[in-house]
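# Structural overview for review
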Amino acid sequence: MTCFDVELTVNGAPRRGSVEARRTLADFLREDLGLTGTHLGCEHGVCGACTVLVDGEPARSCLMLAVQARGADVRTVEGLAPDGEMNRLQEAMWDSHGFQCGFCTPGFLMQITALLAENPGPTEAEVREALSGNICRCTGYESIVNGVLLAADAAGSDE
Amino acid sequence: MQHIAERYTGASVRRSEDPRILTGSGRYVDDVRLPGMLHAAFVRSPVAHARITRIDVREAAKAPGVVLVLTGEELERSLVPGPGIAAMFSGGAPVPAFTTLATGKVRVVGDPVVLVVAESRYLAEDACELVEVDYEELPAVMTPQAARDPASPAIFEDLGSNVLVRSPVAVFGDVDGAFARADRIVRADLRQHRHQNAPMECRGVVCSFDPESGELTVHSATQGVHIVRTTLSTALGLPPEKVRVLAGDIGGSFGLKLGAYREDVACAAASRQLSRPVRWMEDRLENLTFSGQAREESFEVAAAVTNEGEILGLRVKMTIDTGAYPGMGTMLPELVKTMIPGPYKIGALSFEWTAVVTNKAAYVAYRGPWASETWVRERMVDLIAMELGMEPIQVRLRNVATRETPPRRMVTGRSLAGVTAKESLEAIASTVDLPSFRRLQAGAREHGRYLGLGMATYIEPAPGPLEGKGGGGIMGPEQIRLRLAEDGTVTLFTSQMPHGQSHQTTFAQIAADEFGVPIEQVRVVVGDSDLVPMGFGTGGSRAATMAGGASLHGARALKARVKEIASHLFEAGAEDIELSGGSVAVRGVPASAMSLAELARAARSPGRLPPSLAGDVEVTAAFDGGEGGWSGGSHAAIVEVDVETGQVRVERYVVAEDCGILINPAIVEGQVRGGVAQGIGAVLLERSVYDEETGQYLSSTFMDYVLATACEIPRIEIEHLETVPLDADVNFRGVGEGGMIIAPPTLCNAIEDALSPFGARVLEQHLPPARILELIGAIPAG
Ligand code: FES
Ligand code: FES
């Protein structure tokens, strides 16, 4: 099968690869770049576990092809704590006991990162609405919502 | 903000799992990469019930990147025939003969027929498309009624019939007398629909056979590494010590990932044949269609009651649809039988059950597998209250066993020592303020708004009172091993296999308190069958008591060992040795202090200790559950039903739970909330639907099998009742399953209450908008 060159930025670093047209962005990140922090929960666009940021916007990497991300700026969960220091959102999730098994976690963290970039002080209803495309089977969501509100609070008090 | 506590136990200590999980550095089975690793995919049956008349794999075998194609018959030659794990969970019921890949016939949509192994998953799936299989279709047997029909084609020829078990009638107490004395008999036929575990991570395995050593290493997403080892070593005819099972982070399970599945066996055999690692990751279509389903049971119930609301006795007939292949469906009814009286003083019970085979995915364990006992009983209590015109909570309070008054035993025999149903019912009733809710409800109805309040109560044997019998219940005692490392830290090896339960935090809390070191100095090792003690793994809500208790007793034993060693090194009595702050010293002689690291090194230096103490500072301990005890509690839900659309909104959800002494409140609350969310989803959204004509599965994506999101699950208010210590030391009880056991009846009761102006009786558990509209008579029942 024909392969296509893909060049893009992932977590701030230039990356390149040669992929078949059908290769998903998720598989490119996980298999070719070894960034296994992004998870696959359904591979049909419903669960949100595979959410990454493409040019700042949340995208389902299971539904997007690697070739569609050519030239894009992609951020994954590995990019949130580049030096191993957790960021404010991660710390808030740790404090809130946000997650249990952790499988949905990368998708939530990326979705929330996009939410807080757009709306740094969301209400609980806004948080729930913004997360309605991400499924968590373990937590019942309250601890995740608490984590978002705590992260937003911490950001607010820093300003 | 790290929690600083006098004691870790009882504090919401931050999880030690989180730094890896929150940074994307967890290691799930799909993240395992081995040199030379190949990828498996399965050709699966597109039909529910058929004979296989021809399989042609020639084109597939020639396809790019394909390394191996195996049919069921070919695979069988390398395996030891036998029922595998099925026999372990059959409860003594007959186990039919079947093969790892289907041979002769297929019995469910998704039945694996051919294994393809290729250089990538993409290429393996391409080749699956090229495999030709001809099927001669047989009538699909899709309901218990169809299975009972002697004319239905036997799904397993060796069983001869699709009725797997017809139990004798078990009678407890004077059932005839109870029904003769009753003022009324309340009857209902109740149905529970087919659920799915649907963990966010599907099943998966990487098998790697080393021809040099003859050893098979298996990376598995599993609830217990030793069950996987047993299943695979048996199926492959390898000695257990030649099979090593490793598990890393696991993306949830809820009962699904118990033991090695047929796909795992096929991949292990393929790896042995190829001498290369073979990996299979289930996709969501396979998961929803085939991995396993749960809960589909129906009940004919008659309750003998007095006009004052006393429940004198129950007559129950249960039917369970076990699906096509053996799972856990024949083990559970006996548990349902034992548990159905719950915390109530019901004086008489007759119980019989039938298990049938159908062309559906196998019935597997799902969070509180026996939960139908609670659903049926709590539904019946509300139906009785409706018939008598009483408040349901009055009927509950009239019938629950209290801690003060006998009988302190269920009619089926189990002790009710320590049950706090009355206390938790009173707690939720006061939190929701029943009288003011009734006023609010009446007022709302005048404006065409339908509010409802439902309550329910349950107990869970997690592990249940052990009455001095110990033994750890049906899964045996829990073993643990602790070692003092040469850096002075403690390593705890447990057979528990956490998949979201946070055991690496909770066991460390307990051990750190008991041993007397900071929690950061306790490392909890899981998921390696060569390293951790033999055990069942995680399931049955047993970790808190059994492994929590083992952690406590193990840490105590390690401390005693350390003191004994120190007493030799210091030439002082062991009772004079103090251990604190990471060092040991002779009491009152601070200058004698020696760090734990030094002590561990000294123990390994030749000649410093007698042979019985020299070497690794390591202890093993086993815990049999001590006195045990019940977990349980009562929940209340307030709902609003939109009678135009049939939508149900959960306005408020209140929990009073009692799992004994809390190890980590935030973790307990996470378990409760997660279970409640699954219960809410089960009632309002989730359902495994089959076409009853063709046997096709209609819920094979998350667009069809709908899981609740943050928009459907409300905040859940939790009150903890930490009552009734039974044991001298270990009073932590399991809490993993309760939410999922009790939320469905709580919600069903609330919805029926909301719809009482319509005279609705809720007889089935799945209540999506269309069913609500049927219940109120807006659309005809279908
Ligand atoms: S894996 Fe992409 S949405 Fe589920
Ligand atoms: S924490 Fe397990 S799916 Fe969200």
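Residues numbered from 1 in each chain as written. Chains lettered and ligands numbered in written order. Predicted model: local features only at pLDDT ≥ 70, side-chain atom pairs only at ≥ 80, totals over all residues. Heavy atoms only, no water.

As a further point, take the domain arrangement of chain A. All names here are of chain A. One can read the domain layout of chain A as domain 1 (3-79) and domain 2 (88-158). Spacing between the C-alpha centres of domain 1 and domain 2 amounts to 22 Å. Contact with domain 1, which involves 18 residues of that partner, is made by 14 residues of domain 2. Summed over both sides, the interface between domain 1 and domain 2 buries roughly 1100 Å², with carbon and sulfur atoms accounting for 63% of that surface. The largest share of the area that domain 1 buries against domain 2 comes from His39, Thr51 and Val77, three residues that together contribute 36% of it. Here domain 1 is connected to domain 2 by zero salt bridges. Counting the contacts that link domain 1 with domain 2 gives five residue pairs in polar contact (both at pLDDT 80 or more). Of the residues assigned to the side of domain 1 that touches domain 2, the class counts are eight nonpolar, eight polar and two charged. (Domains from an automatic or database assignment. Contact = heavy atoms within 4.5 Å. Buried area = accessible area lost by both parts, 1.4 Å probe. Salt bridge = Lys/Arg side-chain N within 4 Å of Asp/Glu carboxyl O. Polar contact = N/O pair within 3.5 Å; in protein donor to acceptor, adjacent residues only side chain to side chain. Nonpolar A, V, L, I, M, F, W, Y, C, P; charged D, E, K, R; others polar.)

To continue, consider unusual backbone geometry. Between Ala462 of chain B and Pro463 of chain B the backbone carries a cis peptide bond, its omega angle lying at 5 degrees. Within the fold, Pro463 of chain B resides in strand β17 (residues 450-465). One non-glycine residue with positive phi stands out, namely Asp55 of chain A, at about 50 degrees. Relative to the elements of secondary structure, Asp55 of chain A occurs in the loop between β3 (51-54) and β4 (57-60). For Asp55 of chain A, a relative accessible area of 52% translates into the label exposed. We note that Ala198 of chain B has phi near 45 degrees; this positive angle belongs to a residue other than glycine. Structurally, the position occupied by Ala198 of chain B is in the loop between β9 (184-192) and β10 (204-210). With relative accessibility at 2%, the residue Ala198 of chain B sits in the buried group. (Helix = DSSP H or I, 4+ residues; strand = E, 2+ residues; numbered from the N terminus. Buried < 20%, exposed > 50% of the residue type's maximum accessible area, 1.4 Å probe, protein only.)

Residues and elements named next belong to chain B. Across its 13 residues, helix α15 (residues 503-515) extends 17 Å between first and last C-alpha, which sits within 8% of the 18 Å expected from 1.5 Å per residue. Of all 13 residues in α15, 13 are buried; the element is thus mostly enclosed. Looking one or two residues beyond α15, the residue adopting positive phi is Gly516, at roughly 90 degrees. (Expected span 1.5 Å × (residues − 1).)

Each partner contributes to the interface: chain A provides 48 residues, whereas chain B provides 56 residues. Of the roughly 4500 Å² buried between chain A and chain B on both sides combined, carbon and sulfur atoms contribute 54%. The largest per-residue losses of area from chain A upon contact with chain B belong to Trp94, His97 and Arg137 of chain A, which jointly make up 20% of the total buried on that side. Put simply, chain A and chain B have 11 salt bridges between them. Between Arg279 of chain B and Glu31 of chain A there is a salt bridge, with its nearest N and O atoms 3.7 Å apart. Our count for the chain A to chain B interface comes out at 34 residue pairs in polar contact (both at pLDDT 80 or more).

Residues and elements named next belong to chain B. What the domain assignment reports for chain B is domain 1 (18-25 + 469-623), domain 2 (35-138 + 203-281) and domain 3 (297-401 + 409-468 + 626-775). Residue-level contacts link 22 residues of domain 2 with 18 residues of domain 3. Across the domain 2/domain 3 interface, buried area totals approximately 1600 Å², and carbon plus sulfur atoms make up 62% of it. Inspection of the domain 2/domain 3 interface yields zero salt bridges. Here domain 2 is connected to domain 3 by eight residue pairs in polar contact (both at pLDDT 80 or more). For the side of domain 2 that touches domain 3, a count of residues per class yields 15 nonpolar, four polar and three charged.

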